[in-house]
Amino acid sequence: MRQSSVKKIIDWILYAMTIIYIFTGLGITQYQITERLTFGLLSKNISFNIHEYLLVPFLILLSTHLLFRPIRKTYSTLKRAKTEPKQ
């Protein structure tokens, strides 16, 4: 799999997780509106549990998203240095 494909997958998963994280946060603070919008499927307790369990995966994805370019640049530099003949 190409690096750009991996980057796009990370970006889209982070985008979806951000939307869910925001929506569950609203489900905690504005639970009356959220329960009506989800037809009672997303109560205050369920929103709180989902929101709490998403924190660590969200932070891992966010840090991966932010550090992907420096890691890729370092990897390509090391790979190039390894393949070039020494003088």
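Everything below is about the structure printed above this text.
Now for a description of the structure that goes with this document. (Residues numbered from 1 in each chain as written. Predicted model: local features only at pLDDT ≥ 70, side-chain atom pairs only at ≥ 80, totals over all residues. Heavy atoms only, no water.)

For the rest of this paragraph, the subject is the packing of helix H3 (residues 44-53) against helix H4 (residues 55-83). At a minimum axis distance of 4 Å, the contact between H3 and H4 shows a crossing angle of 40°. Looking at the two axes, H3 sits oblique to H4. Together, His51, Glu52 and Tyr53 of H3 and Leu55, Val56 and Pro57 of H4 make up the contact between the two elements. Its residues assigned to classes, the contact of H3 with H4 shows 4 nonpolar, 1 polar and 1 charged. (Axes fitted to C-alpha atoms, helices over the stretch in contact; angles between N-to-C directions. Helix = DSSP H or I, 4+ residues; strand = E, 2+ residues; numbered from the N terminus. Parallel < 35°, antiparallel > 145°, perpendicular 65-115°, else oblique. Contact = heavy atoms within 4.5 Å. Nonpolar A, V, L, I, M, F, W, Y, C, P; charged D, E, K, R; others polar.)

Moving on to unusual backbone geometry. The backbone of Phe39 shows a phi angle near 55°, a positive value even though the residue is not glycine. Tracing the backbone through its elements, the reader meets Phe39 in the loop between helix H2 (31-37) and H3.

The first and last C-alpha atoms of H4 sit 41 Å apart over 29 residues, in line with the 42 Å expected at 1.5 Å per residue. For H4, the set of buried residues is Phe58, Leu61 and Phe68. (Expected span 1.5 Å × (residues − 1). Buried < 20%, exposed > 50% of the residue type's maximum accessible area, 1.4 Å probe, protein only.)

In this section: the packing of aromatic side chains. For any pair of aromatic rings, the description consists of the separation of the ring centres together with the inter-plane angle of the planes. Evaluation of the coordinates by the stated rule reveals 2 aromatic pairs. On the numbers, 5.8 Å between centres and 90° between planes, the contact of Trp12 with Tyr15 is edge-to-face. Of this pair, Trp12 and Tyr15 both sit in helix H1 (residues 3-29), 3 residues apart, which is roughly one turn of that helix. By the burial criterion, Trp12 is exposed, and Tyr15 matches it. Ring plane angle 0° and centroid distance 5.1 Å describe the contact between Tyr21 and Phe58, whose orientation is recorded as stacked. With a gap of 37 residues between them, Tyr21 in helix H1 and Phe58 in helix H4 connect regions that are remote in the sequence. Each member of the pair Tyr21 and Phe58 is classed as buried. (Phe/Tyr/Trp six-rings, centres within 6.5 Å; stacked < 30°, edge-to-face > 60°.)

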